Amino acid sequence: MNFSSKLLENAVAEFGKLPGVGQKTALRLVLHLLKQSDPEVARFTATIDRLKEDIQYCQECFNISDHSTCEICSSFKRDKSIICVVEDTRDVMAIENTNSYQGVYHVLGGLISPMDGIGPADLKIEGLLNRIQRSGVEEVILALSATMEGDTTIFYLYRKLREFDIKITTIARGIAFGGELEYVDELTLGRSIATRVPYERNVG
């Protein structure tokens, strides 16, 4: 693609680094920004700056938050005895949209994937174990995607968690293998949480 301006080319290149954004879409976004007023563009860039500078991660569950403790963990309405373990913030949002879960969460920050060089030490697993040790947790729901990496992570977590006197469950597999939670419809995901099963049944 030939550009009439180096500044335009550089801006398109930066937008093109976003996931799912090709060069043509990046050009469309940049041209859209150029048509906006100076205050609108300033507000856009200030929002991005604040996102990077001011965003926090909950000290309890590691979900993205505006404060050191997220609204879910600080809510007296949530059942602190049940922890739902998920891969990232997108999964928290997906489950919250079902309105069928009233416990709290633990965000791992990824999945075990030797091919990508991601091991247990790269995830927030120690934080999960510490939470269980210091609080009255009765159940841990392993709500990870039905992929090879998800199953590997679930098995690793099960081996760690079975040392504790707690119930270990997984979401019901109404979700096809290879499916990621954020793309599952709310009804199916809600039912999968509600009809969760003991993980021991899945261990051969």
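These numbers were taken from a predicted model, which means no experiment stands behind them. (Residues numbered from 1 in each chain as written. Predicted model: local features only at pLDDT ≥ 70, side-chain atom pairs only at ≥ 80, totals over all residues. Heavy atoms only, no water.)

A look at the UniProt feature "zinc finger region: C4-type" (unreviewed entry) in the protein chain
- Listed under "zinc finger region: C4-type" (unreviewed entry) in the UniProt record, and renumbered for this structure, are residues 58-73.
- Overall, residues 58-73 shows 19% helix and 12% strand. The separation of its end C-alpha atoms is 8 Å. (UniProt positions renumbered as here; feature names shortened; annotations may be inferred. Helix = DSSP H or I, 4+ residues; strand = E, 2+ residues; numbered from the N terminus.)

Remarks on the pairing of strand β3 (residues 79-86)
- Counting buried positions along β3 yields six of eight residues, so the element is predominantly enclosed.
- Here five bridges tie β3 to strand β4 (residues 103-107), and the two strands are oriented parallel to one another. Looking at β4, one finds that D79 is bridged to G103.
- In this view, the connection linking β3 to its parallel neighbour β4 by way of helix α5 (residues 89-96) has right-handed handedness.
- Bridge count between β3 and strand β5 (residues 139-142): four bridges; the pairing is parallel. (Buried < 20%, exposed > 50% of the residue type's maximum accessible area, 1.4 Å probe, protein only. Pairing = 2+ DSSP bridges. Right-handed = clockwise from strand over helix to strand, strands pointing away.)

Examining the pairing of β5
- Both faces of β5 are covered, namely the face carrying E139 and I141 and the face carrying V140 and L142.
- Bridge analysis of β5 against strand β6 (residues 167-170) gives four bridges, and the strand direction is parallel. Residue pairing for β6: L142 is matched across the bridge by T170.
- Handedness of the crossover joining β5 and β6 through helix α7 (residues 148-161): right-handed.

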